[in-house]
Amino acid sequence: MTQRSTQPQTLPRPAVPDEGRAGATETAGPARPADGLSGLLGLVALRFEVARGRRWFWPVVLLAGYAVEVLFRLVLVRHLSYPSVHPDEDSYLVLARVLAGRPTTEMPVGVVIPGGYPLLISSAFRIADDPVTAYHLIMGINALLNALVFPLAYLALRRLGLRRLLAYVFAGATALLPPVIFYSEFVMSDTVLPVLILAWLLCLHGWLSEGPVKHRSWYAAGTAAAAAYSMAVHDRGGVVVALTGVVLVGVLALRWAPWRTTLVGLGSLGVGVVGVKALSWWLDRQFTVEPSDVGGYLWKGLTDPDKTGMTLTRVAGQLWYFIVSTWGIGGLAVVVCLFALFSGRFPRPDRIAGGVLAALLVGTALASAAALPDDGRVDDWVYARYLSFLVPAAFVVGAAVLSRLGRRRLAVTAAATVGLTVLLGKLVVWSAGSALTTKLFIGWALPDVTFLATDWMRLNVMRSSVAAFVVLGAVVLFLAAGGRRVLWAIGLSLALFAGFATATITEQVSYPHANYRKPLATGFTKASGLKPTDNVVLAWDLDGGLRNAQAFEVYRGRVWYRDPRWQPVPAEATVLVTPAAPEGKATDGYWPEHPAEWYVAKENRAQGWALWRKS
C-alpha cells in the first residue's frame, strides 16, 4: 500500500530515529537555557525530547489520545437519548435486547439482520432499567469502539513508514473525520466496521511481510477473524470474507507466504464463518420474520439489464462521494493503490494490500448499487454510508502518500485524483439528471458533501467537489513549499479541520434529525401514558417512525405490528395504537367492530394517533 516511486528506482523509506532509546536524546553536555519565554520554551522542548525517549512515553501518549477521542465523541452525543434513524437503529436495538436475554419483540426492519454489532452493545440492556439509560450506555460503548480507529491508524501509519510523531498527528486526523464519527452517533453497525477493516488490512499486511512464522501465523489468524466478524456485523462483510478467501487461496497456490501460516488463516476463516452462521441461525429462531435475502436482491440487480445504467451510475456516485468526503486525500490512496496493483515497483505486501483495498472499495460500491432499492431519494445516486467503512484505511494510505512522494509525483497523483473525481461527478450529473434536484433530499444521508457545500438543503455536486479540491490543493501546495518538515503542521491542521467539520455536522444534521423524531419516540411514550409493563399492538398504517421506535421504547413489555380490523389482537396485549379518526368522525371509528373490553383512552390528532386500552 506504500508507494515507493513512480520511477524505476525505489524511493527509500524515510529514516526513523531511535525514539525508543533513552540515550537517543542525550546531548554532549549541559546547556544553559536562555532567559525569558524562549528559555522556557527551550526547556519544555528539552524535557519533551528526554521524555519521548522513555519506553513508557508512547504507550501513555497513545492511551491519552484514545481517551481524548472517546471524550470528544461523548460530548457530541450528550443530547441524544432515543433512536431516530428508522428502521435501522430500532432493529439493531431489538437484536441487542434479545441477545441480552430480554424477551423478544417485533423486528422493525422486517428481516433478521446480522447480529455482530448488537452483540457488542447488548451489555447495556443487562444494566439499564429504562430505554433512555440504555441508549446513553450504548452511545458510550459506541464511543469506546469507534475511537479504536485512532490507535489502529497509528499502527498502520507506522507500518507505512511514518515517524512516531507524524503517525500520531495523522492518526488523530483520521479518527476525527466526519465519515468515521457521524454514524457512531447512532446505533449503527458503521460504528465498528471501520475499526474491523483497519485491523483486517493491518493483519493482512503483517501476514504477507517477512518475519517469524509464529508472528505471521497470528497475523493470518487476525486477518481471518476480522473478516469473519465484519460479516457478522453487516452484509458488506461478505465481500471482505470473499476477498480474504481469494487472497488466502492465491497466496497458498503461489507460495508467497509459509504454507503453515496460510493454513492457519484458512482454518480461522472457516471457524469464523461457521460462528457467524450459527449466530444468524439462532437469531432467526427468535423471530417470526424471514431471514434477510440480500444475495437474492444482489443477483437480481446484477442480472437485470434494465437496471444496468442505474447501477453503474450509483457506483460512480458512491466513489465520487467517497473521494470528496475525504477531501481528496482518500482519492490519492485510490490512485496509488490502482497504480501499485499493476506495477512491479512496489513490495508484494503493499501491492496485495493496496489491490485488496481497491477491490473492496469497488466491490462494495457495485454490490450495494445493485442490491439497494430505488427509494425515490437523492442519495439513491450518491449513497454515502456503505463506503464510509473504508475511509480510515484510505485516509491512512493517503497520508503515507503525502509523506513519501516527491513534489512532482505528488502533483501528478493529485491531478489524477481531481480528474477522476470530476469524471465521476459529471457522470452522475449527466446520468441522474433532474433526479438530483427533484427527488427527496434527506440531510442525514448526505452530511459530508452538504458541509463542504455549506448548503444543508440540497445536493450540489460541483460545489462540494471544488471545496474538497481546495483542501487537497492547500495540502499539496503547502507541502511543496515547505517540504516534509511541515508535514506535522499539515496533519495538525487536518485534525483541527476534521474536528470542526464533525462538530458542525453534528449540530446541523444529527441534532435536527433527532429532534424531528422526538415526538414519535420518547415524546409519544410520555404523551400516551404508556406503562413500563404494557404490551402494545401498533397498527400497520401508523407513522413508520412511531411504529418502529416503540419496538425499543416499550422496554419491558413487547410490541406487535397488526391491523386489528383483519388480524387477531394477541391476548397478552394491553394497549393498541391506531391512526386518529379523521375530523368529524367518531373517535373509535377506525375499529368499529372492536370487542367491548377495548376503549379509546387517549387521542392526539396533531400527531395522528389514538391509544386504546383493554379494560
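Residues numbered from 1 in each chain as written. Predicted model: local features only at pLDDT ≥ 70, side-chain atom pairs only at ≥ 80, totals over all residues. Heavy atoms only, no water.

**A few points about a nonpolar patch on the surface**
Next, step 1: On the surface, a cluster of nonpolar side chains totalling about 300 Å² of accessible area is made up of L252, W259 and L263.
Next, step 2: Counting through the fold element by element, L263 comes out in helix α13 (residues 259-284).
Next, step 3: For L263, a relative accessible area of 39% translates into the label partly exposed. (Patch = residues over 30% accessible without salt bridge, like charges linked within 9 Å, V, L, I, M, F, W, Y side chains within 5 Å. Areas by Shrake-Rupley, 256 points an atom, 1.4 Å probe, with all protein chains shown as cover. Salt bridge = Lys/Arg side-chain N within 4 Å of Asp/Glu carboxyl O. Helix = DSSP H or I, 4+ residues; strand = E, 2+ residues; numbered from the N terminus. Buried < 20%, exposed > 50% of the residue type's maximum accessible area, 1.4 Å probe, protein only.)

**A short note on the pattern of salt bridges**
Next, step 1: Under the defined criterion, the tally for this structure stands at 12 salt bridges.
Next, step 2: One network of salt bridges, with partners in common, ties together D88, D190, R236 and R385.

**Let's talk about the environment of L459**
Next, step 1: Its place among the elements puts L459 in the loop between α21 (447-453) and α22 (461-482).
Next, step 2: Not counting the four nearest positions on each side in its chain, L459 is found in contact with W320, V378, V382, L436, F441 and V449. (Contact = heavy atoms within 4.5 Å.)

**Comments concerning the state of the cysteines**
Next, step 1: Under the definition given, this model contains zero disulfides.
Next, step 2: Lacking any disulfide linkage, C203 is separated from the closest cysteine sulfur, that of C337, by 18 Å.
Next, step 3: Judged by relative accessible area, C203 falls into the buried class, the value being 17%. (Disulfide = S-S within 2.5 Å.)

**Comments concerning unusual backbone geometry**
Excluding glycine, most residues fall at negative phi; most peptide bonds, likewise, are trans.
Next, step 1: With an omega of 0 degrees, the peptide bond between H86 and P87 qualifies as cis.
Next, step 2: Relative to the assigned elements, P87 resides in the loop between α2 (57-76) and α3 (88-99).
Next, step 3: Positive phi, close to 60 degrees, is recorded for W327, a residue that is not glycine.
Next, step 4: Mapped onto the fold, W327 is located in the loop between α15 (308-325) and α16 (329-341).

**Focus on the packing of aromatic side chains**
Next, step 1: Inspection of the entire model under this criterion finds 25 aromatic pairs.
Next, step 2: For the pair F182 and Y183, a centre-to-centre distance of 5.1 Å together with 80 degrees between the ring planes defines the contact as edge-to-face. Each member of the pair, F182 as well as Y183, carries the same accessibility label: buried.
Next, step 3: Ring geometry for F451 and F500: centres 6.1 Å apart, planes at 65 degrees, overall edge-to-face. You can see F451 sitting in helix α21 and its partner F500 sitting in helix α23 (residues 487-517), a full 49 residues away along the chain.
Next, step 4: One aromatic cluster is present, formed by F57, W58, F150, Y154 and Y168 through successive ring pairs.
Next, step 5: Positioned over the ring face of F389 is R236, at 5.2 Å from the centre of the ring. (Phe/Tyr/Trp six-rings, centres within 6.5 Å; stacked < 30°, edge-to-face > 60°. Lys NZ or Arg CZ within 6 Å of the ring centre and 35° of its normal.)

**Concerning the environment of V428**
Next, step 1: Its location among the elements puts V428 in helix α19 (residues 407-432).
Next, step 2: For V428, a relative accessible area of 1% corresponds to the buried category.
Next, step 3: Setting aside anything within four residues of it in sequence, one finds V428 in contact with T313, A316, G317, V382, G433 and L436.

**Describing the pairing of strand β7 (residues 609-614)**
Looking along a regular strand, one sees side chains alternate from face to face of the sheet.
Next, step 1: β7 sits mainly inside the fold: five of its six residues count as buried.
Next, step 2: Pairing between strand β5 (residues 575-579) and β7: five bridges, direction antiparallel. Counterpart to T578 in the pairing with β7 is A610.
Next, step 3: Here strand β6 (residues 598-604) hands over to β7 after four residues, with G608 in that stretch at a positive phi of 80 degrees. (Pairing = 2+ DSSP bridges.)

**So, the side chain of E185**
Next, step 1: Along the chain, the position of E185 falls in the loop between α9 (178-181) and α10 (193-208).
Next, step 2: R73 is the oppositely charged side chain nearest to the buried, salt-bridge-free E185, at an N-O distance of 8.3 Å.
Next, step 3: Side chain to side chain, E185 and T506 meet in a polar contact 2.7 Å long.
Next, step 4: Every residue in contact with E185, bar those within four places of it in the chain, is listed here: L76, V77, L80, Y135, M139, T506 and S510. (Lys, Arg positive; Asp, Glu negative; His and termini not counted. Polar contact = N/O pair within 3.5 Å; in protein donor to acceptor, adjacent residues only side chain to side chain.)

**Structural notes on the sheet that holds β6**
Next, step 1: With respect to topology, five strands assemble into an open sheet ordered β4-β3-β5-β7-β6, the strand pairing being mixed. Strands at the two margins of the open sheet, each flanked by one partner only, are β4 (559-561) and β6. Averaged over all adjacent pairs, the angle separating strand axes in this sheet is 25 degrees, with direction ignored.
Next, step 2: Here six bridges tie β6 to β7, and the two strands are oriented antiparallel to one another. Following the sheet pairing, N604 is matched in β7 by W609.
Next, step 3: Strand contacts of helix α25 (residues 544-553): β3 (536-538), β4 and β7, with the helix running at about 150 degrees to β4, the strand carrying the most contacts. (Axes fitted to C-alpha atoms, helices over the stretch in contact; angles between N-to-C directions.)

**Considering the packing of helix α11 (residues 213-233) against helix α12 (residues 237-254)**
Next, step 1: Where α11 meets α12, the axes come as close as 7 Å, and the angle between the chain directions of the two elements is 150 degrees. Taken together, the axes of α11 and α12 lie roughly antiparallel to each other. The two elements α11 and α12 meet at a crossing, and its hand is left-handed. For the pair formed by α11 and α12, the contact residues are T223, A227, A228, S230 and M231 on the first element and G237, G238, V240, V241 and T244 on the second.
Next, step 2: Partitioned by chemical class, the residues of the contact of α11 with α12 number five nonpolar, five polar and no charged. (Parallel < 35°, antiparallel > 145°, perpendicular 65-115°, else oblique. Left-handed = near helix turned anticlockwise from the far one by under 90°. Nonpolar A, V, L, I, M, F, W, Y, C, P; charged D, E, K, R; others polar.)

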